[in-house]
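# Inside the fold
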Amino acid sequence: MKQGIKKIIVKSALYFFILLIVLELVVRVLHLAKDTPSRFLDEHNVEKWIPNQQGYSVTGNRRQNFSEYRINTFGFNSYREFTPTKEKIEVALVGDSFIQGFHQDYYNSIGKKIEHMIPSIEVYEYGYAGYDFADQLHLIHAYKEDFDLIDHVVLGIKFSNDLTRGDYKVMTERLALESPINKLLRKSKLLVYCKSIGILDSPQLLVHQILNIAKPSKVSKSLNEEEIRKEKEKKIQKYIENFESLIGQYGYDMNRNILLLDAKATDPVFMNYLKKNNYKYIDYATYFSTSKKPTTLLYDRHWNDHGRTLIAIAISEYLEVHKN
């Protein structure tokens, strides 16, 4: 009896192992899992991707979005190298994952679209997932010699989450993804795929709840309308203070720098602040609101190809008007 049970257990384990191998091969052959490039912290404490990596970014559980990325020698996803000079006209796009563009083939990026519209310029894309305004200004300051040669610097900014801090600190949470354990786990494309489509969410949540079972739960206090209004005003003011703090630390070139934003998704108080203090900005809200086609991916709020074309048009039209 015991021998029979032992055989069943051994066979079940063997079949399960074979099944995992088959699934791993299927995920690899069909490119269902994303190839996340490795990141690092350079000598200037700037977080970016390790140079000279190539791979495929996959979004959705059925490979709804499949695109190729290419990390250049500077550490950013781009079809070109960054070689600013005094003689050429260059534009830098600085921002988060929307500028990074892993949702589109690197050779069909926003920068490439802008260059098609204005062939006389070169566009450098300094996009990195998670960058906020502090990251952006720190990057520009760290590579001041390069950016001083660039004619226009477009900074993507979302008021709701890019001004939550007033000084720059290295985001250790993101760099922790490069730990030896995480690197080892990423070698299994099946595991990466399962995580990306949410299969591991419930087990992770259960483990988290078990680990925190002894911790006292926080009782949230319900706020009335007046308290909610005051909290909102307080947060808006704090974000503006953070904006001013960062500019005070790093400086801000009012002639070359241009903010890229959606005015409809930006608090009116901040919009008035920008206008009052003569900050240049490109508002792409009108381009999106008048579009008859969707501008974002169905399963992801990132811009789709049409949305990215509209962003390129918005930037190109601004540059054409402000050539000098």
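Throughout what follows, the structure given in this document is the object of discussion. Note that this is a predicted model, so its numbers are computed, not measured.

### Side note on the pattern of salt bridges
Scanning all chains against the criterion turns up 16 salt bridges. Its salt-bridge partner being D305, residue K113 comes within 2.9 Å of it at the nearest N-O pair. You can see K113 sitting in helix α3 (residues 110–117) and its partner D305 sitting in helix α13 (residues 305–321), a full 192 residues away along the chain. Across the salt bridge formed by D253 and R256, the nearest N and O atoms sit 2.9 Å from each other. Note on D253: relative accessible area 27%, which makes it partly exposed. R256 sits in the buried class, given a relative accessible area of 16%.

### Side note on the nonpolar core
The biggest cluster of nonpolar side chains holds 44 residues, and the ones touching the most others in it are Y126, F133, L139, F147, F243, L259 and L274. Here this core gets seven residues from one element, more than from any other, and that element is helix α10 (residues 225–250). Setting aside residues up to four positions removed in sequence, F133 forms contacts with L155, I157, D162, L163, F243, L246, I247, Y252 and L259. By size, the runner-up hydrophobic cluster in this structure holds 25 residues, among which are I118, I258, L310 and Y318.

Parameters at a glance
Note that residues are indexed from 1 along each chain, following the sequence as it is written. In view of the model being predicted, local features appear only for residues whose pLDDT reaches at least 70, and side-chain atom pairs are presented and counted only at 80 or more, with totals across whole chains, interfaces and linings using the full set of residues. Values reported for side chains reflect all heavy atoms of the structure, with hydrogen atoms and water molecules removed beforehand. What makes a salt bridge here is a side-chain nitrogen of Lys or Arg within 4 Å of a carboxyl oxygen of Asp or Glu, nothing more. Secondary structure is summarised from DSSP: a helix means a run of H or I of at least four residues, a strand means a run of E of at least two, and numbering begins at the N terminus for each. Between buried and exposed lies partly exposed: a residue is buried under 20% and exposed over 50% of the maximum accessible area for its type, with that area taken using a 1.4 Å probe on protein chains only. What we call a nonpolar core is a set of buried Ala, Val, Leu, Ile, Met, Phe, Trp, Tyr and Cys residues that are connected through their side-chain atoms within 4.5 Å. Whether two residues touch is decided by their heavy atoms; if any such pair falls within 4.5 Å, the residues are in contact.

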